[in-house]
Amino acid sequence: MAQSPFGRRILVVDDDRGLRHVLAELLQGAGHQVGSAGDGPEALAMLGDGSGFDLVLLDIGLPSMSGLDVLARIRHMASPPLVIVMTADDTSATLLEAVRRQAYRYIRKPFPPSAVVDVVSEAGTPASALSIEVVSARPEWLEIVAPCALEMADRLQSFVLHLEANLPEAVREAVASAFRELLTNAIEWGGKFDPNRKVRISCVRTKRLLLYRIADPGEGFDIDKLRHAAITNPDDDPMRHLQVREEQGLRPGGFGLAMTRSLVDDLIYNEARNEVILIKYLDEGE
Amino acid sequence: MQVIERRIGDVTILQLIGRLELETGDLILRDTINRLVEDGQVKLVLDMKEVTRLDSAGIGMLVSKYLTVRRAGGTIKLLHPTERTDHLMDITKLTTVFQVFDDEASAVKSFNTAPAQGM
């Protein structure tokens, strides 16, 4: 497929002909060039060394060759495109294998068609794609090491949301939001948005709790000097910290810790405050 | 994020569609409101119904631009916040800062019934 001057070059791989057609129409309407394949061997033949496509929308439940196997083959191509996995199989094992094989994002079926257009428009380029190192990929203990780049917040949040697929939506949303806030803090303040520096993330799941630990490469911070954060505001002046941020030349914000504290049950920092644990307790039924 | 802009009298309605998060929407909102303030448009209603995700940076930008507009003699009011947006505004105690409306007509009308307060 020829290089597109505007949109992305996308390959849709799904054995559902109707879905392939809908996605192709939608993505072409958004200015992308789209090819499609109905199974893994056809997809691999079209991909060649990978250089003809920027992005692959890949179903996992394909006939004759699993989407996860296709993903593994793509990873070893000379010019691997980004792969967005889309599947109705939301088991932890599938998701973790997709993470291990460097899937860029994960979309659970069924999804509103517009969600695919959004994810495609937000995706980076294959050349800029950063790798995630998977240290442990057990459902009850996921541990990864990721570069301190902002795109990781989106990528990892999408996996976290789906990793806890069996929890009530409100719990998943709360945990995913809190996780994203803390991860963004780690990437921005601890890692200075430097992709050569790494943030280490562990997710531990038991029957009664979810625990996330985020360790950033920074030196930590002194909470008494956080006048640029909303948590230090007096009750009657919820915007005081914004003046401090303006004076210090910081972007508007500073609500992350205040939000996170309200979204989870426990938030614990180490002494240096460059590692943090968030805990969400689960009811028996969850 | 996409911002659709329209006028009702001297009130500008900004319909926000998509994510209002760090470097994904917050800068578009900043630039849109800065331009309106430069043009003297300082009676603003932000329709939040189609904001799909909001993070602390997005909230920070909302509040920062609220201050910008107030300093220019106007104000920002919020329309149709989702349950989630409402919850985050509550957590961050910003429900005491923004006037929030469930219908557009009331939001627009409110600019002519209560004079904007100075900072």
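Small disclaimer: the values here were computed from a predicted structure and weren't measured. (Residues numbered from 1 in each chain as written. Chains lettered and ligands numbered in written order. Predicted model: local features only at pLDDT ≥ 70, side-chain atom pairs only at ≥ 80, totals over all residues.)

J.: I'm lost on the overall build of chain B in this one. Help?
T.: Secondary structure assignment for chain B yields four helices and five strands. Seen in sequence order, chain B has helices and strands lined up from the N terminus as β-β-α-β-α-β-α-β-α. Rg of the C-alpha trace for chain B: 13 Å, near the compact-globule value of 14 Å for 119 residues, within the 12% margin. The principal-axis extents of the C-alpha atoms in chain B amount to approximately 30 × 25 × 25 Å. For chain B, with 119 residues in total, the buried portion stands at 41%. Taking all contacts inside chain B whose residues are at least 6 apart in sequence as the whole, residues at least 24 apart take part in 72%. (Helix = DSSP H or I, 4+ residues; strand = E, 2+ residues; numbered from the N terminus. Rg over C-alpha atoms; globule rule 2.2 N^0.38 Å. Buried ≥ 20, exposed ≤ 12 C-beta atoms within 10 Å, placed from the backbone. Contact = placed C-beta atoms within 7 Å.)

J.: Looking at this structure, I do not really get the overall build of chain A. What am I missing?
T.: Of the regular secondary structure elements, chain A holds nine helices and eleven strands. Computed over the C-alpha atoms, the radius of gyration of chain A is 20 Å, within 12% of the 19 Å expected from 2.2 N^0.38 for a compact globule of 286 residues. Residues classed as buried in chain A amount to 40% of the 286 residues present. Sequence separation of at least 24 residues holds for 65% of the intrachain contacts in chain A that already meet a minimum separation of 6.

J.: Explain the interface of chain A and chain B to me, please; I cannot follow it from the model alone.
T.: As a measure of interface size, the accessible area lost when the parts come together is often cited. Chain A puts 17 residues into the contact, and the matching count from chain B is 18 residues. Broken down by element, the side of chain A that touches chain B gets its largest block of residues, four residues, from helix H9 (residues 256–263) of chain A. Of the residues that constitute the side of chain A that touches chain B, the class distribution is nine nonpolar, five polar and three charged. (Nonpolar A, V, L, I, M, F, W, Y, C, P; charged D, E, K, R; others polar.)

J.: Can you walk me through the nonpolar core in this structure?
T.: Considering soluble globular proteins, one finds that nonpolar side chains tend to be buried as a cluster. Residue and element names in this part refer to chain A. Among the nonpolar cores identified, the biggest contains 103 residues, and Leu57, Leu58, Val83 and Ile84 are the most heavily contacted of them. For this core, the element with the most residues is helix H7 (residues 169–190), which contributes nine residues. In this structure, this core is formed jointly by two domains, domain 1 (1–127) and domain 2 (130–286), each of which donates at least three residues. Filtering out sequence-adjacent residues up to four positions away, isoleucine 84 remains in contact with Leu55, Leu57, Leu58, Tyr104, Arg105, Ile107 and Val119. (Core = buried A, V, L, I, M, F, W, Y, C linked by C-beta atoms within 7 Å. Domains from an automatic or database assignment.)

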